[in-house]
Amino acid sequence: MTQLTHGERRRLEKGVARRVYEFTDDKKEAAWLFKELYREIKDRFGVPTYKDVKSKDLQSVIQLIENWSPLS
């Protein structure tokens with residue numbers, strides 16, 4: 001199983017940022033939301049860091065990000 005390429009990681013990071021900033025412009029709140037969303041990714045995909053997500057799971061991660069909300 002291959003890990004995400006640099007481009008795939010960048011796509012994931014941009015998706016996370018886009019989603020977080022849909023909820024707030026406040027830097028403190030955004031920092032908390034980033035932490036929560038990355039924790040959700042790590043928990044859901046059983047990886048120690050989002051960088052360890054497998055390439056085959058990228059679409060599932062993107063879907064999680066697009067559907068994520070802070071209260072979920």
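Just so it is clear, the structure is predicted and the values come from calculations on it, not from any experiment. (Residues numbered from 1 in each chain as written. Predicted model: local features only at pLDDT ≥ 70, side-chain atom pairs only at ≥ 80, totals over all residues. Heavy atoms only, no water.)

A few points about helix α3 (residues 58-67)
Residues of α3 that are buried include every one of Leu-58, Val-61, Ile-62, Leu-64 and Ile-65, and no others. Seen along its axis, α3 keeps its buried residues to an arc of 160°; they face one direction. Along α3, exposed side chains directed more than 90 degrees from the buried face belong to Gln-63, Glu-66 and Asn-67. The inward-facing, buried residues of α3 contact α1 (6-23) and α2 (27-45). (Buried < 20%, exposed > 50% of the residue type's maximum accessible area, 1.4 Å probe, protein only. Helix = DSSP H or I, 4+ residues; strand = E, 2+ residues; numbered from the N terminus. Arc of directions from axis to C-beta. Contact = heavy atoms within 4.5 Å.)

What to know about the pattern of salt bridges
Evaluated as defined, the whole model comprises five salt bridges. Measuring nitrogen to oxygen at the nearest pair gives 3.2 Å for the salt bridge that ties Arg-10 to Glu-13. Taken as a pair, Arg-10 and Glu-13 lie in helix α1 at a separation of three residues, close to a single helical turn. Since its relative accessible area comes to 21%, Glu-13 is described here as partly exposed. With a closest N to O distance of 3.2 Å, Asp-57 and Lys-56 form a salt bridge. A residue is classified by how much of its surface remains accessible, and Asp-57, at 17% relative accessible area, is buried. (Salt bridge = Lys/Arg side-chain N within 4 Å of Asp/Glu carboxyl O.)

Some details on the packing of α1 against α2
The packing of two helices is summarised by the inter-axis angle and the distance between the axes. Put simply, α1 and α2 touch, their axes get as near as 10 Å, and they point 130° apart. For the element pair α1 / α2, the angle class is oblique. Read as a crossing pair, α1 and α2 show a hand that is right-handed. Seen from α1, the contacting residues are Leu-12, Glu-13, Val-16, Ala-17, Arg-19, Val-20, Tyr-21 and Phe-23; seen from α2, they are Ala-30, Leu-33, Phe-34, Leu-37, Tyr-38 and Ile-41. (Axes fitted to C-alpha atoms, helices over the stretch in contact; angles between N-to-C directions. Parallel < 35°, antiparallel > 145°, perpendicular 65-115°, else oblique. Left-handed = near helix turned anticlockwise from the far one by under 90°.)

Quick word on the side chain of Arg-19
Here Arg-19 shows up in helix α1. What Arg-19 contacts, discounting residues up to four positions off in sequence, is Leu-37, Ile-65, Glu-66, Asn-67, Trp-68 and Ser-69.

Notes on α2
The end-to-end C-alpha distance of α2 is 27 Å, a good match for the 27 Å that 19 residues give at a rise of 1.5 Å each. Taken together, the buried positions of α2 are Ala-30, Leu-33, Phe-34, Leu-37, Tyr-38 and Ile-41. Within α2, the buried residues cover an arc of 125° as seen down the axis, which keeps them to one side. Seen from the open side of α2, the exposed residues pointing more than 90 degrees away from its buried face are Lys-28, Lys-35 and Asp-43. (Expected span 1.5 Å × (residues − 1).)

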